[in-house]
Structure formats: structure tokens, C-alpha cells
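# Chains, contacts and geometry: an overview
Here are the chains, one letter per residue:
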Amino acid sequence: MSQDDTAPDPQHFPPPPLPEQERMVEAILFASAEPMSQREIAARLPAGCDPAEALRALRARYEGRGVQLARVGDAWAFRTAADLGFLMQESVVESRRLSRAATETLAIIAYHQPVTRAEIEEIRGVAVSRGTLDQLIELDWVRIGRRRQTPGRPVTFVVTEAFLDHFGLESARDLPGLAELRAAGLLESRPPGEGLAPGLFGEADGEDAGAMAEDLFEDE
């Protein structure tokens, strides 16, 4: 029998214990500049590891800490606890506020995605300039989705994982309502019927909310 025949098969080694898997996942996420999906994490772990269980345990271990394990769409990343954000104010770079047209367009895409340009204009009641959509795409908050199977095959627009990450949202189900947007200063208080169509930010039922989440990151 040759030496090669007796060489151990790495696939036959038992996986590391769960605490060690947690440490591995912790190291991987800590070193990553971008949120990582469970599949990407699994590709770096030894054979036989359970990344889902390690993520659950790691998330529980960081609960209540200054840094927490947050889910961003289908990915995971370490983020500063939301209630401690005020401590980071000195290091935050102040940027220009979005125009009202850009804010409303972004809101329409987030709540009605996938949505075409014509549908955005119908909801807003005014034309949408190409520059507004280009600005949102350049910010990486909006991307082009699938084409509609209708005459002309118009493109649709959807929000990105970067949008969810920036606003601290786990999925489309976490999008705020009209009152919350106004309280945060993201939407001006205007009389009903002016600008946005009524019902734009109305509560979606469970089925619609689920459909929104499924359409959030559809393949092009």
C-alpha cells in the first residue's frame, strides 16, 4: 500500500466545535469591508461547519453590546449599536441632503418596487428627470431591475442592499411609515393631494409586504 493510499482525507475530519466556528465567523466578518452572505462565509469555513448556527449564536452573544451583528438583506456585518450612534457624530462626514424630487423618487421605488419610470411619474404626478435617477444609481441606493414583459419592455428600478445598510434596515418589511419619515425630516409635511399620491406610504398587508421583499433583489 502506497503512502498516498494511507493519507488522511480532510473531508473525514470532524468539524470544529461550535464555539470555534463562532470565532471563525467573527474573524471573517470583522475583516470584511462589506457585508457577507452566509454562502460567502461558508466558503471560507472548514468542511462540515454550520454557518447558520454559528451566526445565530454569534448574534446572540453580541446582543446588548456596543457592536452588534446585523443582518443586511441576505448578508451579515458588524455595526455600531443604534442607540450609540450619537457617539460617532464627530467622525460623521456631513453630506448634502437629497432634493425633494430625489427623496420622493427614492421613496416610490422603495415602496413600489420593481417600478418603471412611467409608474414613478404617474405616482408623483410630474416628470422624473434622468438626472434624479442617475443620482440615486450613483449613490448605489437604486439599481436597474428586470425589464417588464410589456410593449417596449421598459426597465424597472429597485433599491439595493447598500440602501438597506445605510438606513439600518434588514429587509423591505422594515421600511418606515409616513409619520416616521416626516419625524425624521425625510419628507416635508404638505397638505393631502399635493405632490405624492395618496396612499403611497399606506400599510401594506402581509402578502404585499412579502411580495415586496421577494422583489427586492431580483436578478436582472
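Residues numbered from 1 in each chain as written. Predicted model: local features only at pLDDT ≥ 70, side-chain atom pairs only at ≥ 80, totals over all residues. Heavy atoms only, no water.

Helix and strand counts for the protein come out as nine helices and six strands. Residues classed as buried in the protein amount to 34% of the 220 residues present. In the protein, once contacts between residues fewer than 6 apart in sequence are set aside, the share between residues at least 24 apart is 56%. Of the roughly 14100 Å² of accessible surface on the protein, a fraction of 51% belongs to carbon and sulfur atoms. (Helix = DSSP H or I, 4+ residues; strand = E, 2+ residues; numbered from the N terminus. Buried < 20%, exposed > 50% of the residue type's maximum accessible area, 1.4 Å probe, protein only. Contact = heavy atoms within 4.5 Å. Areas by Shrake-Rupley, 256 points an atom, 1.4 Å probe, with all protein chains shown as cover.)

Bringing the sheet that holds strand β4 (residues 115-116) into the picture now. Strands sit in the order β4-β6-β5 across an open sheet of three strands; the sheet is antiparallel. Either end of the sheet is taken by a strand with one partner, and the two such strands are β4 and β5 (142-147). When β5 meets strand β6 (residues 155-159), the two strands line up antiparallel, connected through four bridges. Its bridge partner lying in β6, V142 is registered against V159. Sheet contacts for helix α4 (residues 100-112): β4, β5 and β6; angle to β6, the most-contacted strand, approximately 95°. (Pairing = 2+ DSSP bridges. Axes fitted to C-alpha atoms, helices over the stretch in contact; angles between N-to-C directions.)

Take the confidence of the model for the protein next. Averaged over all residues, the pLDDT of the protein is 76; the fraction at 70 or higher stands at 71%. Confidence over residues 189-220 falls short of pLDDT 50; this stretch has 57 contacts with residues more than four positions distant or in other chains. (pLDDT = per-residue confidence, 0-100.)

With that out of the way, let us pick up the sheet that holds strand β3 (residues 75-80). With antiparallel pairing, the three strands of this open sheet are ordered in space as β1-β3-β2. Strands with a single pairing partner mark the edges of an open sheet, and in this sheet they are β1 (36-37) and β2 (67-72). Here β2 pairs with β3 via six bridges, running antiparallel. By the bridge assignment, V67 is partnered in β3 with T80. Of the strands in this sheet, β1, β2 and β3 are in contact with helix α1 (residues 18-31), which crosses β3 at around 75°. Here helix α3 (residues 51-61) sits on the sheet and contacts β2 and β3; the angle it forms with β2, its principal contact strand, is near 135°.

With that settled, consider the pairing of β3. Here β1 pairs with β3 via two bridges, running antiparallel. Paired with M36 across the two strands is W76, which belongs to β3. Connecting β2 to the next strand, β3, in antiparallel fashion are two residues, including G73 with a positive phi near 65°.

Following Q113, the chain continues to P114 via a peptide bond in cis, the omega torsion being -10°. Its place among the elements puts P114 in the loop between α4 and β4. Non-glycine residue D140 carries a positive phi angle of around 65°. Note on placement: D140 falls in the loop between α6 (130-138) and β5. At R153, a residue that is not glycine, the phi angle is positive and equals roughly 45°. R153 gets classed as partly exposed once you look at its relative accessible area, which sits at 42%.

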